Each structure stands twice: as structure tokens, then as C-alpha cells.
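Listed below, chain by chain, are the residues.
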Amino acid sequence: MRPVLARGYHEKVISHYEKPRNVGSLPKNAPDVGTGLVGAPACGDVMKLQIRVDENGIISDVKFKTFGCGSAIASSSYMTERVMGLSLEDAEKIKNTEIAKELCLPPVKLHCSMLAEDAIRSAIRDYRSKRSLLSNPKQAGFIDVSQSAATGETVATAHAPSA
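Right, let's walk through the structure included here. Predicted, not measured: the structure shown is a model, and the values here were computed from it. (Residues numbered from 1 in each chain as written. Predicted model: local features only at pLDDT ≥ 70, side-chain atom pairs only at ≥ 80, totals over all residues. Heavy atoms only, no water.)

## Focus: helix 2 (residues 70-83)
Thinking step 1. Taking 1.5 Å per residue as the helical rise, helix 2 with its 14 residues ought to reach 20 Å, and the 20 Å between its terminal C-alpha atoms agrees with that figure.
Thinking step 2. Of all the 14 residues making up helix 2, 12 are buried; the element is thus mostly covered by neighbouring parts of the structure.
Thinking step 3. Those residues of helix 2 hidden inside the fold are in contact with helix 1 (11-18), strand 2 (45-53), strand 3 (59-67), helix 3 (88-91), helix 4 (96-103) and helix 5 (110-135).
Thinking step 4. Just downstream of helix 2 lies Gly85, where phi reads positive at about 85 degrees. (Helix = DSSP H or I, 4+ residues; strand = E, 2+ residues; numbered from the N terminus. Expected span 1.5 Å × (residues − 1). Buried < 20%, exposed > 50% of the residue type's maximum accessible area, 1.4 Å probe, protein only. Contact = heavy atoms within 4.5 Å.)

## Some details on the sheet that holds strand 2
Thinking step 1. Strands sit in the order 1-2-3 across an open sheet of 3 strands; the sheet is antiparallel. Single-partner strands in this sheet number two, and they are strand 1 (33-40) and strand 3. Adjacent strand axes in the sheet meet at a mean angle of 15 degrees when their direction is disregarded.
Thinking step 2. Pairing analysis gives 8 bridges linking strand 1 to strand 2, with the strands arranged antiparallel. Each residue of the ladder has a partner; that of Leu37, found in strand 2, is Lys48.
Thinking step 3. Contacts from helix 2 reach strand 2 and strand 3 within the one sheet, and its direction differs from that of strand 3 by about 175 degrees.
Thinking step 4. Its contacts with the sheet place helix 5 against strand 1 and strand 2, and it is angled at close to 145 degrees to strand 1. (Pairing = 2+ DSSP bridges. Axes fitted to C-alpha atoms, helices over the stretch in contact; angles between N-to-C directions.)

## Let's talk about the packing of helix 2 against helix 4
Thinking step 1. Close contact between helix 2 and helix 4 brings their axes to 10 Å; oriented N to C, the two are set at 110 degrees. Between helix 2 and helix 4, the angle falls in the class roughly perpendicular. Here helix 2 contributes Ala74, Ser75, Tyr78, Met79 and Arg82 to the contact with helix 4, which in turn contributes Glu98, Ile99, Glu102 and Leu103.
Thinking step 2. Here the residues of the contact of helix 2 with helix 4 sort into 5 nonpolar, 1 polar and 3 charged. (Parallel < 35°, antiparallel > 145°, perpendicular 65-115°, else oblique. Nonpolar A, V, L, I, M, F, W, Y, C, P; charged D, E, K, R; others polar.)

## Here we look at the pairing of strand 2
Thinking step 1. Hairpin connection, strand 1 to strand 2: the antiparallel pair is bridged by 4 residues, and Gly44 has positive phi, about 90 degrees.
Thinking step 2. In this sheet, strand 3 lies alongside strand 2 in antiparallel orientation, the contact comprising 8 bridges. Bridging from a neighbouring strand, Gln50 pairs with Lys63 of strand 3.

Here it is in C-alpha cells:
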């Protein structure tokens with residue numbers, strides 16, 4: 001007999017809960033990694049989803065860590081399997097309704113699938129933000145600092161945000 005957790009959960013949710021796929025972390029500061037951290041204040045679920053993107057814009061690795069109910073963990077686990085090997089454009093088209101349908105989530109658990117959708121979009125946004133900063137380092141938040149070898153004078157130049 002299954003534990004109390006199994007009551008009301010579809011077997012797909014139980015499978016992802018008992019044997020979650022792609023649990024772990026990637027180095028968040030790596031330039032080829034995007035991190036999405038989202039939460040649902042109503043229930044306390046927190047989901048971290050990370051993607052590694054190859055030079056062709058394809059998701060080559062995915063990891064997650066989720067603090068939450070079985071449906072939240074299953075939604076995270078399913079999302080990692082779903083986006084592996086996809087382009088960023090295809091990954092950001094995944095809707096929570098697809099996740100909810102695949103996992104047979106009841107209406108009361110739809111917010112878990114919404115978290116997974118928010119997490120992948122947040123990870124993609126983070127990755128693109130890093131790539132943008134790498135291609136144009138003189139954006140807001142950057143200061144060039146130089147020091148004269150002859151006089152020892154230090155000059156700092158702040159760069160205004162680009163429009």
C-alpha cells in the first residue's frame with residue numbers, strides 16, 4: 001500500500017515525486033547557465049530551475065531543486081525532461097496547461113504547473129541577460145577603472161544605462 005502522499009495524486013506525479021529526474025544545481029555564475037528562482041507565497045512552494053545552453057542555443061543540461069508538495073516536485077521534474085534538447089525559443093513556449101495535463105493535476109494544484117512555467121521563463125531570461133552583458137559589458141552597473149603607472153592617479157568612468 002502506498003503512503004498517504006499517494007491519495008489523490010496521479011501515478012505520473014507519484015513517479016516524478018518518488019524518482020525525480022535531474023535534481024541538483026549548476027554553477028549559477030557560469031556564462032552558459034541561466035537560473036530561475038520562483039515561489040508561490042500562498043502555499044510556500046519554492047522552485048529553482050537551471051539550464052545550461054550550448055553554443056547553438058540548445059538546452060544541453062537542466063537541474064532543479066524544489067521545496068514543496070508532490071505536485072510542485074513533479075512539475076519541476078517533468079519540466080526538466082521536457083526542455084532538455086530544446087531551443088530557448090521552443091522551451092519558453094511550454095505552458096503550464098501542458099504540464100498540468102501531462103501530470104493530471106487537479107485544479108487545486110494548477111499553481112504548481114504555473115511555477116514550473118515561470119521557472120523556465122525566469123531561467124531563460126537570466127541566461128539572456130548574462131549573454132547580453134557579455135556582448136556589451138559597458139551597460140548599467142559597470143565602471144571602468146584605470147590607474148596611471150606614472151602618476152598613480154586612479155580614474156573611474158561610470159557608464160550610463162543604454163537605452
